[in-house]
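Analysis of the macromolecular model
Single-letter residue listing:
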Amino acid sequence: MNELITVYVPRDVTALSLGADRVAQAITAEAAARGVEVKLVRNGSRGLFWLEPLVEVATEAGRVAYGPVKVRDVAGLFEAGFLTGGEHPLGQGLTEEIEYLKRQERLTFARAGITDPLSLDDYIAHDGYRGLKRALGMTPEAIVAEVTESGLRGRGGAAFPTGIKWRTVLGCEAAQKYIVCNADEGDSGTFSDRMVMEDDPYVLIEGMTIAGLAVGATKGYIYLRSEYPHAEAVLLETIARANAAGYLGDDVLGSGKAFHLELRRGAGAYICGEETALIQSVEGQRGMPQPRPPFPAQRGLWGKPTNNNNVETYANIAWIIRNGASKYTEFGTEKSKGTKVFALAGKIKRSGLVEVPMGMTIRDVIFKLGGGIKDNK
């Protein structure tokens, strides 16, 4: 029996705002009208926003992309034989060969646009939870050492060495410690954290779980900005699935180690992007920045040692633990290791998300990936 042809239509909020749901419905209806069976997968976005909705079809040669697809284009795509990779004016060729993607180095976003974000099985099939499984066989000190040796710096702006922060929390004696994720992505034109949460949420959950093992924390909170309802729905669903499958809870993968994860939604206060104000808000108080020291790593959530990183930082952790610190240091510069995610927005030809090694110039990001300024300015 022949396998069904798989068609991918993104469920990322950017694609949805450009009509992805209607396109998915039109593809399903057109296939039924033609007596063709297809498997429709709602994947995440690959970040090529100027091509959204970007429809992909699985072929023997690889996934072939078409975009930006409107409802009015669907019948013509079928006529052109897009289910077998047929040529069409909207055809972009093999997705992996699109220049915008080929110029990138995707570690954090390795699965974005490839998998169904809600599917735990899909995540596991694409190297998911291998980092956590390795971490469960390591001591907390060894995990912290691996993160320290990787050279990972916080991706929230201050670029503080992640390993040093984790080591501080690990070294604090307390009956209870906490992991906090700053998902209050409030700067104009930014959407990289949102894309992690909507398009590959398990990588955030896995990274926070590893952080809990590393510093001795059994409880974690994701502080999500209220303007991200789609991310909220995805996170609630995936946290529930991770709990049901034993990747969260009192006994993570039968290890005897606990890690519980909750979602806390902000109320739209920009100041709560500052970590001490964020912690106050998680506690249910008015979000007001607090004097430091003591630092949250020493006395944070409810007065307990707390590790606070942003979404992108945690999203690097599983890759580092899975592949090793030395592999991570192959990317980036002497002082800044790994990759960095950039959101390209505004008056640029190819808007979207890119992930490149640390050290690439902003000029190259804008002109070589983003295609330059509109109207060739």
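Because the structure is a prediction, the values reported are computed rather than measured.

Cut-offs applied
- Residues numbered from 1 in each chain as written.
- Predicted model: local features only at pLDDT ≥ 70, side-chain atom pairs only at ≥ 80, totals over all residues.
- Heavy atoms only, no water.
- Helix = DSSP H or I, 4+ residues; strand = E, 2+ residues; numbered from the N terminus.
- Buried < 20%, exposed > 50% of the residue type's maximum accessible area, 1.4 Å probe, protein only.
- Lys, Arg positive; Asp, Glu negative; His and termini not counted.
- Salt bridge = Lys/Arg side-chain N within 4 Å of Asp/Glu carboxyl O.
- Contact = heavy atoms within 4.5 Å.
- Pairing = 2+ DSSP bridges.
- Axes fitted to C-alpha atoms, helices over the stretch in contact; angles between N-to-C directions.
- Phe/Tyr/Trp six-rings, centres within 6.5 Å; stacked < 30°, edge-to-face > 60°.
- Lys NZ or Arg CZ within 6 Å of the ring centre and 35° of its normal.

Further remarks concern the side chain of Asp 193. With respect to the secondary-structure elements, Asp 193 resides in helix H9 (residues 192–199). There is no salt bridge for the buried Asp 193, and the closest opposite charge comes from Lys 340, which lies 7.2 Å off by N-O distance. Setting aside residues no more than four positions away along its own chain, Asp 193 makes contact with Asn 182, Glu 185, Asn 310, Val 311 and Glu 312.

Our next topic: the sheet that holds strand E5 (residues 91–94). Pairing is mixed in the open sheet, where 5 strands are placed in the order E2-E1-E3-E4-E5. This sheet does not close on itself; its edge strands, each paired only once, are strand E2 (38–41) and E5. Averaged over all pairs of adjacent strands, the angle between strand axes in this sheet comes to 25 degrees, irrespective of strand direction. Here strand E4 (residues 62–66) pairs with E5 via 3 bridges, running antiparallel. By the bridge assignment, Val 64 is partnered in E5 with Leu 94. Those strands touched by helix H2 (residues 20–33) are strand E1 (5–8), E2 and strand E3 (55–59), and its axis lies near 175 degrees from that of E2.

This part covers the sheet that holds strand E7 (residues 219–224). If you walk across this open sheet you meet the 4 strands as E8-E7-E6-E9, and the pairing is parallel. Only two strands of the sheet have a single neighbouring strand rather than two, namely strand E8 (260–265) and strand E9 (306–310). Strand-to-strand twist in this sheet, taken as the mean axis angle between neighbours without regard to direction, amounts to 20 degrees. Taken together, the 5 bridges between strand E6 (residues 178–183) and E9 define a ladder with parallel strand orientation.

Let's shift gears to the packing of aromatic side chains. Applying the stated criterion across every chain yields a total of 12 aromatic pairs. In this structure an aromatic cluster arises from ring pairing among Tyr 123, Tyr 129, Tyr 202 and Tyr 247. Directly above the aromatic system of Tyr 8 lies the positively charged group of Arg 63, at a separation of 3.5 Å from the ring centroid.

Below, the discussion takes up the environment of Glu 141. For Glu 141, the location among the structural elements is in helix H7 (residues 140–150). Classification of Glu 141 as partly exposed rests on a relative accessible area of 46%. Put simply, Glu 141 and Ala 245 are 104 residues apart on the chain and 27 Å apart in space, counted from C-alpha to C-alpha.

Everything listed here is a matter of geometry and, on its own, says nothing about what the molecule does.
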